[in-house]
Amino acid sequence: MYRYNEFDAAFVAERNRQFRAQVERRVSGALTEDEFKPLRLMNGLYLQLHAYMLRVAIPYGTLDSARMRQLAYIAERWDKGYGHFTTRQNIQYNWPKLKDVPDMLDALAEVEMHAIQTSGNTIRNVTADHFAGAAADEIADPRPIAELLRQWSTDHPEFQFMPRKFKIAVTGSPNDRAVIKAHDIGIRVVERDGEIGYEVVVGGGLGRTPMIGKVINDFVAQEDLLPYLESVVSVWNQIGRRDNKYKARIKITVHEHGIDEIRALVAERFALVKPRFEGVDAALFEEIKTHFSGPDFVQKSEAPFKAAYHEDPVFRSWADTNLTAHREDGYAIVSISLKKHGQTPGDASADQMRVMADLAERFGHDELRISHEQNVILPHVHKADLPALHAALKEAELATANIGLISDIIACPGMDYCALATARSIPIAQQIATRFDELKLEHEIGELKIKISGCINACGHHHVGHIGILGLDRAGVENYQITLGGDHTETAAIGERAGPGFSAEDILPAIERLVHGYLDLRASSEETFIETFRRIGMEPFKAVLYPPAPAVAAE
Amino acid sequence: MPKPFTPKVVTANHLLEGDVIYQTADGWTRNLAEAEILLEQADADMRLIEASQQTDVVVGAYLANADASDDGPQANHFREEFRATGPSNYFHGKQAGALPGPLNGQESHNPSRI
């Protein structure tokens, strides 16, 4: 877990004091909205469709029980009793009042959290594999890198007014669970001849111009990582376009200049930057690593797990979908689904947050993670404790066994909350999840990632969904476009548009046709949706999505 | 050729509460049905300017399309419908009870919970 030193605590306290005064000046009329807006955005405060929204950074999705309880307290004290976990491992409060926000920020500071750089043209919350430090396939824990980057990028004077926002993700495993190829910079820990280093990917991103990132350097040594990344951001900060916000992200810079030219410019810059680092960063990195050394694992019998697995089909179903292999014998990684059928993806009530905090403390070495897939992870749970954990989750309506299945949908807030949205996302996710639960088909369907965005900015990652859904406003009516074949992992791919969009009424039947089509088209029950799509391509899926007119009329 | 003018209301977010408000003949309301319907371009432009000057009450004033009806202005685009009623996933936006009548700017925190 990260730790604030006295400078961090003083910095956050000072920023909070400044913001409190800024709010007072806005309320008194001393500041206009034009003057106040950039100040509130620097502190994560947006004005959305129905209310203000406070976006709080959860550093690389890592929490302990005290922090989770404080998030619950804030939700109850100053919001409507819940929070929304996002695809960037943040939490958003949808209903704060302007005058309450300074108190909310002070409450966050009590547990070493803040909302700084969750908006604006800055380096945003660095995200990481939500199984970090626990995954069986991990080469090294990505969190120390993410923490090093967080300390470096927070209030970095060179990077406060960049051409556009900048997002960095890190994975320590060859299996990419952090969508690193759809970030401005993606970092993957690699090992070469026994030495740990980093593959650096640049120029990925979703939004209106989706791009898969390109490898700019396949092996950056540990001592070079920070100066190298600073060089990348610095080059873009200089040559990135400021004339057009839609062409300002580094993905466009890489696309326009070519990866080879960017690589050469970064190398040039690196030669200047590197001598200035003088090893302080390397010493800090070593110190940070000690803060993430991992829990003291215990040895005990797995008998309770085996008995429950054998005797309780509900537990077995949950264990089969919601557990992931842990690096430590006897342990499992638990994914707690925030996707109960019919509920809002990513939302947790204050009571649920407290339950998860209690369970983390009791069974999970006091660690929790937020995944970019909008679920909560208990990364270290001994298998012996899983039956008791499952029973407690059931009581809190947190035991839905659907991780990776069709109802485990990523959905942005969409037009139910977001001022930028062009259509709703949440009700579409709710309808799909409810329908496939009624059909009792989701386990038969197997792994299938549906991702829904309510506008072209793609916060719901629709481009990299096996099935992507993009909500648009077509002549004053909500309309939903389907993309197929997207992939968010190490084999990242942008989905291909299937054809004309569907109305809000027609999108659920369309998804049903698509899924039934897949069940007919797959080579075996082992072949997943994405594998079938890759084998047979778009055309057979198009045929089921857009049947001849009489077939539609007959439905 | 410019589009013919269609009826409008002036809407914004409340500075302190952040919620959706509408201009009335002599103030602001949280209910679209109580808003002043503007039937002429010049009138709408003038009322928007007046609204935008009230920076101590409102943020982001703009003209929204609306249909005139016997029950007051009605939204005619889904975005404005959601703004007028609240989110569709929980019954805790305006649909949970936007207070009728003029607003005084000092409303207490809405205690509704999911």
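Bear in mind the structure is a predicted one, so any value in this text is a computation, not a measurement.

Asker: Tell me about the overall build of chain A, and name the residues and values.
Answerer: When helices and strands are counted, chain A shows 19 helices and 21 strands. Split into buried and exposed, the 555 residues of chain A put 62% on the buried side. Across chain A, the fraction of contacts at a sequence separation of at least 24, relative to all contacts at a separation of at least 6, is 67%. Entry remark: accessible area of chain A is about 20,500 Å², with carbon and sulfur atoms responsible for 51%. Here chain A contributes 62 positively and 79 negatively charged side chains, and the mean placements of these two sets differ by 5 Å.

Asker: Lay out the sheet that holds strand E14 (residues 368-370) of chain A in plain terms, naming residues and giving numbers.
Answerer: Residues and elements named next belong to chain A. Ordered in space as E3-E14-E15-E12-E11, the five strands form an open sheet in which the pairing is antiparallel. The two strands at the open ends of the sheet, each matched to only one other strand, are strand E3 (62-63) and strand E11 (323-325). As paired strands, strand E12 (residues 331-336) and strand E15 (residues 376-382) are joined by five bridges and run antiparallel to one another. Looking at E15, one finds that Ala332 is bridged to Val381.

Asker: So what's going on with the packing of aromatic side chains? Which residues, and what values?
Answerer: Residues and elements named next belong to chain A. The full count for this structure, using the stated rule, is 19 aromatic pairs over all chains. Between Phe502 and Tyr546, the aromatic rings sit 5.4 Å apart at their centres with planes inclined by 15°, giving stacked as the arrangement. Of this pair, Phe502 sits in strand E21 (residues 502-503) while Tyr546 is found in the loop between helix H18 (538-545) and helix H19 (549-553), placing the two residues 44 residues apart along the sequence. Taking relative accessible area as the criterion, Phe502 reaches 9% and is therefore assigned buried. Taking the relative accessible area as the measure of exposure, Tyr546 reaches 26% and is therefore partly exposed. Put simply, the rings of Tyr2, Tyr4, Tyr60 and Phe292 touch in pairs and so form one group of aromatic residues. Positioned above the aromatic ring of Trp95, the side-chain terminus of Lys80 is 4.4 Å from the ring centre. When the ring centre of Tyr309 is taken as reference, the NZ or CZ atom of Arg316 above it lies at 6.0 Å.

Asker: Outline the packing of helix H3 (residues 65-78) of chain A against helix H4 (residues 101-110) of chain A, supporting the account with residue identities and numerical values.
Answerer: Residue and element names in this part refer to chain A. Where H3 contacts H4, the two axes come as close as 10 Å, and the packing angle between them is 165°. As summarised for this structure, H3 and H4 are arranged roughly antiparallel, according to the angle between their axes. Where H3 crosses over H4, the two elements pack in a sense that is right-handed. Note on element contacts: H4 touches H3 through Asp103, Met104, Ala107, Leu108 and Glu110, opposite Gln70, Leu71, Ile74 and Trp78.

Asker: Break down empty space enclosed by the protein for me, with residues and values.
Answerer: Residue and element names in this part refer to chain A. Under the counting rule described, the total for this entry stands at six cavities of 30 Å³ or more. One number sums up the size of the largest cavity: a volume of about 110 Å³. Forming the boundary of the largest cavity are Ala57, Pro59, His114, Ile116, Gln117, Ile123, Arg124, Asn125, Val126, Arg150, Ser153 and Thr154. Class assignment for the residues of the lining of the largest cavity results in five nonpolar, five polar and two charged. Estimates place the volume of the second largest cavity at around 50 Å³.

Asker: Please provide a residue-by-residue account of the nonpolar core, values included.
Answerer: Residues and elements named next belong to chain A. The biggest cluster of nonpolar side chains holds 106 residues, and the ones touching the most others in it are Met68, Leu71, Leu149, Ile185, Trp318, Leu386 and Leu389. At eight residues, helix H6 (residues 225-239) tops the list of elements feeding residues into this core. Once residues within four sequence positions are removed from consideration, Leu389 is found in contact with Trp318, Val334, Leu359, Phe363, Leu378 and Val381. In terms of nonpolar packing, the next biggest core, distinct from the first, is built from 34 residues, Ile409, Tyr480, Val515 and Tyr518 among them.

Asker: Talk me through the domain arrangement of chain A; I want residue IDs and the actual numbers.
Answerer: Residue and element names in this part refer to chain A. For chain A, the domain assignment lists domain 1 (6-110), domain 2 (134-290), domain 3 (303-395) and domain 4 (415-553). Of note, the centres of domain 1 and domain 4, computed from C-alpha atoms alone, are 34 Å apart. The interface of domain 1 with domain 4 comprises eight residues on the first partner and seven residues on the second. Buried surface at the junction of domain 1 and domain 4, both sides included, amounts to about 610 Å², of which 56% is carbon and sulfur. When residues of domain 1 are sorted by the area they lose upon contact with domain 4, Gln48, Leu49 and Thr87 head the list and together hold 62% of the total. For the pair domain 1 and domain 4, the number of links is zero salt bridges. Where domain 1 touches domain 4, the interface holds five residue pairs in polar contact (both at pLDDT 80 or more).

Asker: Explain the confidence of the model for chain B residue by residue, including any values.
Answerer: Keep in mind that low pLDDT regions are not for reading the predicted coordinates in detail. With 85% of its residues at a pLDDT of 70 or more, chain B shows a mean pLDDT of 87. Within the model, the stretch residues 105-114 of chain B combines pLDDT values under 50 with 26 contacts to residues more than four positions away or in other chains.

Asker: Break down the layout of surface pockets for me, citing the residues and quoting the values.
Answerer: Residues and elements named next belong to chain A. The calculated volume of the second largest pocket comes to roughly 670 Å³. Contributing to the lining of the second largest pocket are 32 residues, with Arg177, Glu447, Lys449, His488 and Thr489 lying nearest its centre. Secondary structure elements with two or more residues in the lining of the second largest pocket: helix H11 (313-322), E11 and helix H17 (529-536). Ranked by residue count, the leading element in the lining of the second largest pocket is H17, at three residues. By residue class, the composition of the lining of the second largest pocket is six nonpolar, 14 polar and twelve charged.

Asker: Could you give an account of the interface of chain B and chain A, with specific residues and numbers?
Answerer: Contact with chain B, which involves 30 residues of that partner, is made by 37 residues of chain A. Here chain B and chain A share an interface that buries about 2,700 Å² over both sides, 56% of which is from carbon and sulfur atoms. Between Glu17 of chain B and Lys97 of chain A there is a salt bridge, with its nearest N and O atoms 3.1 Å apart. Run the count over chain B and chain A and you get 15 residue pairs in polar contact (both at pLDDT 80 or more). Going through the elements one at a time, strand E1 (8-14), strand E4 (58-67) and helix H2 (78-85) of chain B are the ones with two or more residues in the side of chain B that touches chain A.

Asker: Hey, could you go over the packing of helix H7 (residues 250-257) of chain A against helix H8 (residues 259-277) of chain A for me, with residue numbers and the actual values?
Answerer: All names here are of chain A. At a closest axis distance of 6 Å, the pairing of H7 and H8 adopts a crossing angle of 110°. Regarding the angle of H7 to H8, the classification is roughly perpendicular. Across from Thr253, Val254 and His257 in H7, the residues of H8 making contact are Ile259, Glu261 and Ile262. Grouping the constituent residues of the contact of H7 with H8 by class yields three nonpolar, two polar and one charged.

Asker: Which residues make up the environment of Leu16 of chain B, and what values go with them?
Answerer: Examined against the element boundaries, Leu16 of chain B turns out to sit in the loop between E1 and strand E2 (20-23). By relative accessible area, Leu16 of chain B is classed as buried at 12%.

Asker: Requested: an account of the sheet that holds strand E5 (residues 74-75) of chain B, with residues and values cited.
Answerer: All names here are of chain B. Read across the sheet, five strands follow the order E3-E2-E1-E4-E5 without closing on themselves; strand pairing throughout is antiparallel. For this open sheet the edge positions go to strand E3 (28-29) and E5, each flanked by a neighbour on one side alone. Relative to E3, E2 is paired through two bridges, and the arrangement is antiparallel. Bridging from a neighbouring strand, Tyr22 pairs with Thr29 of E3. Contacting E1, E2, E3 and E4, helix H1 (residues 41-52) crosses the sheet at an angle of about 155° to E4.

Asker: Describe the pairing of strand E7 (residues 168-171) of chain A, with residues and values.
Answerer: Walk down a regular strand and you will see the side chains alternate between the two sheet faces. Residues and elements named next belong to chain A. In E7, alternate side chains face the same way, and those of Ile168 and Val170 on one face and Ala169 and Thr171 on the other are all buried. Pairing between strand E6 (residues 127-128) and E7: two bridges, direction parallel. Note that in E7 the partner of Thr127 across the bridge is Ala169. Where the polypeptide runs from E6 across helix H5 (residues 143-153) and back to E7, its parallel neighbour, the crossover connection is left-handed.

Parameters and conventions
- Residues numbered from 1 in each chain as written.
- Chains lettered and ligands numbered in written order.
- Predicted model: local features only at pLDDT ≥ 70, side-chain atom pairs only at ≥ 80, totals over all residues.
- Heavy atoms only, no water.
- Helix = DSSP H or I, 4+ residues; strand = E, 2+ residues; numbered from the N terminus.
- Buried < 20%, exposed > 50% of the residue type's maximum accessible area, 1.4 Å probe, protein only.
- Contact = heavy atoms within 4.5 Å.
- Areas by Shrake-Rupley, 256 points an atom, 1.4 Å probe, with all protein chains shown as cover.
- Lys, Arg positive; Asp, Glu negative; His and termini not counted.
- Charge placed at Lys NZ, Arg CZ, Asp CG, Glu CD.
- Pairing = 2+ DSSP bridges.
- Phe/Tyr/Trp six-rings, centres within 6.5 Å; stacked < 30°, edge-to-face > 60°.
- Lys NZ or Arg CZ within 6 Å of the ring centre and 35° of its normal.
- Axes fitted to C-alpha atoms, helices over the stretch in contact; angles between N-to-C directions.
- Parallel < 35°, antiparallel > 145°, perpendicular 65-115°, else oblique.
- Left-handed = near helix turned anticlockwise from the far one by under 90°.
- 1 Å grid on protein atoms, 1.4 Å probe; cavity = no way out; pocket = protein on both sides within 12 Å on 5 of 7 lines; lining within 4 Å.
- Points joined across faces, edges and corners; volume = space filled by probe spheres on them.
- Nonpolar A, V, L, I, M, F, W, Y, C, P; charged D, E, K, R; others polar.
- Core = buried A, V, L, I, M, F, W, Y, C linked by side-chain atoms within 4.5 Å.
- Domains from an automatic or database assignment.
- Buried area = accessible area lost by both parts, 1.4 Å probe.
- Salt bridge = Lys/Arg side-chain N within 4 Å of Asp/Glu carboxyl O.
- Polar contact = N/O pair within 3.5 Å; in protein donor to acceptor, adjacent residues only side chain to side chain.
- pLDDT = per-residue confidence, 0-100.
- Right-handed = clockwise from strand over helix to strand, strands pointing away.

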